[in-house]
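Observations on the three-dimensional arrangement
Chain residues, written in single-letter form:
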Amino acid sequence: LDLLSRYTAPGDEEKVKLAKLGGTEWQRTRAKVKKATEEMAQELIELYARRRQAPGYAFPPDGDWQSDFEARFEYDETDDQLNATSEIKKDMERSYPMDRLLCGDVGVGKTEVALRAAFKCVMGGKQCAILAPTTILAWQHFNTAIARMEAFPIRIGLLSRYRSAKEQKETIRGLKDGTVDIVVGTHRLLSDDVKFKDLGLLIIDEEQKFGVAVKEKLRQMKVNVDTLTLTATPIPRTLQFSFMGARDMSIIQTPPPNRYPIETQICTFDEEIIAEAINNEMRRGGQIFFVCNKIARLPNIADFIRRKVPNARVVIGHGQMPSEQLENIIVDFINYDYDVLVSTTIIENGVDIPNVNTIIIDNAQNFGLSDLHQMRGRVGRSNKKAYCYLIAPPLSLLPDDSRRRLEAIENFSDLGSGINIAMQDLDIRGAGNLLGAEQSGFIADLGYDTYQKILNEAVVELKTQEFTDLYEEEINNKSIDHGDLYVTECTIESDLQMCFPESYVPGSSERILLYRELDSIDNDIELEAYRKRLEDRFGTPPSQAEELMRVVTLRRYGKKLGVEKILLKSGIMLLFFVSDKNSPFYKSATFSKVIDYAMHHIRTCKLEEVNSKRRMQIQNINSVSKATDALKEMLVVQN
């Protein structure tokens, strides 16, 4: 099971070099990649270590005003919002700088979580900066912050094109002398003339929208300041860093109550379909976004809509307009002076207009996955059903990546699916150039899934062996008693019949999908649900299938006990423990349990060392069920 993984890699798949089954070439390639990834993972963890050791500011625990501020929120918080808020506050109360990624779908309440962090920062006597990629989003964040904090003596400033030179000077002076507590702004915040008296928290909204120069400046700012990054669909590199533990991540997936999935449809440019979509929305008193990223085409589209829907009030907006004119257009549209806003992607970030519940995106094949997801997230922000129309040429004419992007955005239409879209993006584009180390050659050799597995192994080994002091809290939380801190994979070889027979699941591709799904299960509840689904589709599982499903639990127990390989043959079970004799596993409480088990079962059990490999032999094990029972007993042995 664990040997099956889908091959995804950049480049021409026809040039893929195959290794002979049973030969040594594949193992050599894996070993070479592992050595290189260990060097990269070391660099990654050292970067994380430097941040942990940097002096930061430990914010005090919440006071009465914090409770009062949070109680004034007019909606019921979701569990995910509360969990994310709690994780962020814990980070802020630690003595080293926070670097947390808050990944939440569009419209699930990231802004409220960020404002609670900002409020805590001000209550701790520090200043907070909120950085947004567009003037419209900065303006919206500014207004939201003012509305939420009006009952408290907190001064909030705005730095963007929407402020006159005089107003900007006042805000900059206030930041320098400490009279401005919170500032919201675009990259103008990072200008040389902006100095803070005592910056404590930096909140970055959609970091991927900023250029390289801005990100470099942010990196310098982040060293001693708590940082919270908000994103709906993190870029592959950011997601990769979080999964590998170089950044902490909180996820908000639960949508607020009374929200519906956005109905997403791919279609070609058809005047009747577009006119019908606009008429349907107008009939129920709603408004429409029509997005086209070519400014020259916007007047033609506006004319076409006026021709097909004569009673529609249409307005054009784009980023090359004077800022005051664009701001007036957005405000008028919010006030329902227009039915249709024909615009470029300026609406992508932060324009929150609950009355807009239809969006039409022209030439959708030219946008990235996260762009499409962000734009779609501008609708469906109320309790009305929302619609998204992706206009593109027929899918059969599109390049493979463009087709996959459109299919992904159509398939993941449920609320809270932003993280799934980011994962799909990770799959389509690859994780990119991690830490500046060019890894694409390794990915081409092994495929993305296998490369990922090796990279994670390298990170876990470094955490539990070389950097144990740094990760002491994490290891303790997972409990040092568990051998899976030392073993990333437990493989099983057996002469027992374990499979889904052709007579039970006829299609080979269907069987492989079922094997893959089974391989990813890591708890008994999921396994039971899987068994029920299998029974619904194919009937009562035969004995070979039952044995195969028990392997999932056996492997899990094996990992917990620090077992790298289990051999089940001729009624004997052989357990091969961590191959590195200097591993801290051999001094752990887990290994003590293994020894205690051996002492309690002297007649059937033997600990031995053969060819420099430490292993345990247990007799009278003629089924996976008996093997699982033995390992379960081993885990609960009292020291």
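In the block above lies the structure referred to throughout.
Things to note about the pairing of strand 11 (residues 340-343)
- Of the two faces of strand 11, the one carrying Val-340 and Val-342 and the one carrying Leu-341 and Ser-343 are both buried.
- Two strands pair when backbone bridges link them, and strand 9 (residues 287-291) and strand 11 are joined in this way by 4 bridges, in the parallel orientation. For Ile-288, the partnering residue across the bridge sits in strand 11 and is Val-340.
- Of the strand pairs in this sheet, strand 10 (residues 314-317) and strand 11 are connected by 4 bridges, and their pairing is parallel. Opposite Gly-317, over in strand 11, you have Ser-343 as the bridge partner.
- In this fold, strand 10 hands off to helix 11 (residues 323-334), which returns the chain to strand 11; that crossover is right-handed.

Examining the packing of helix 2 (residues 64-71) against helix 4 (residues 110-123)
- Between helix 2 and helix 4, whose axes approach to 10 Å, the crossing angle comes to 155 degrees. In terms of axis orientation, helix 2 runs roughly antiparallel to helix 4. The way helix 2 lies across helix 4 gives a crossing that is right-handed. Between helix 2 and helix 4, the contacting residues are Trp-65, Gln-66, Phe-69 and Glu-70 on the first element and Leu-115, Arg-116, Phe-119, Lys-120 and Met-123 on the second.
- In terms of residue class, the contact of helix 2 with helix 4 is made up of 5 nonpolar, 1 polar and 3 charged.

Let's talk about the sheet that holds strand 2 (residues 127-131)
- Strands sit in the order 3-4-2-5-6-1-7 across an open sheet of 7 strands; the sheet is parallel. This sheet does not close on itself; its edge strands, each paired only once, are strand 3 (156-159) and strand 7 (248-252). Direction aside, the axes of adjacent strands within the sheet are offset by 20 degrees on average.
- Sheet topology places strand 5 (residues 199-205) next to strand 6 (residues 226-231); 5 bridges connect them, and they run parallel. Each residue of the ladder has a partner; that of Leu-202, found in strand 6, is Thr-227.
- Sitting on the sheet, helix 3 (residues 79-92) touches strand 1 (99-104), strand 5, strand 6 and strand 7, and the angle it makes with strand 7 is about 160 degrees.

Here we look at the pairing of strand 1
- With 6 of 6 residues buried, strand 1 is to be regarded as a mostly interior element.
- Neither face of strand 1 is open: one carries Asp-99, Leu-101 and Cys-103, the other Arg-100, Leu-102 and Gly-104, and all of them are buried.
- Sheet topology note: the strand 1/strand 6 ladder contains 5 bridges and is parallel. Bridging from a neighbouring strand, Arg-100 pairs with Leu-228 of strand 6.
- Sheet topology places strand 1 next to strand 7; 5 bridges connect them, and they run parallel. Bridge pairing in strand 7 places Leu-101 opposite Met-249.

A word on helix 6 (residues 165-177)
- Its 13 residues give helix 6 an end-to-end C-alpha distance of 18 Å, which sits within 8% of 18 Å, the value for a rise of 1.5 Å per residue.
- Within the sequence span of helix 6, burial applies to Gln-168, Thr-171, Ile-172, Gly-174 and Leu-175. The buried side chains of helix 6 occupy one side of the element, clustering within an arc of 160 degrees when seen end-on. Away from its buried face, by an angle of more than 90 degrees, helix 6 presents the exposed residues Ala-165, Lys-166, Lys-169, Arg-173 and Lys-176.
- Buried residues in helix 6 make contact with strand 2, strand 3 and strand 4 (182-185).
- With its phi angle positive at about 85 degrees, Gly-178 sits one or two positions after the end of helix 6.

Cut-offs and rules
- Residues numbered from 1 in each chain as written.
- Predicted model: local features only at pLDDT ≥ 70, side-chain atom pairs only at ≥ 80, totals over all residues.
- Heavy atoms only, no water.
- Buried < 20%, exposed > 50% of the residue type's maximum accessible area, 1.4 Å probe, protein only.
- Helix = DSSP H or I, 4+ residues; strand = E, 2+ residues; numbered from the N terminus.
- Pairing = 2+ DSSP bridges.
- Right-handed = clockwise from strand over helix to strand, strands pointing away.
- Axes fitted to C-alpha atoms, helices over the stretch in contact; angles between N-to-C directions.
- Parallel < 35°, antiparallel > 145°, perpendicular 65-115°, else oblique.
- Left-handed = near helix turned anticlockwise from the far one by under 90°.
- Contact = heavy atoms within 4.5 Å.
- Nonpolar A, V, L, I, M, F, W, Y, C, P; charged D, E, K, R; others polar.
- Expected span 1.5 Å × (residues − 1).
- Arc of directions from axis to C-beta.

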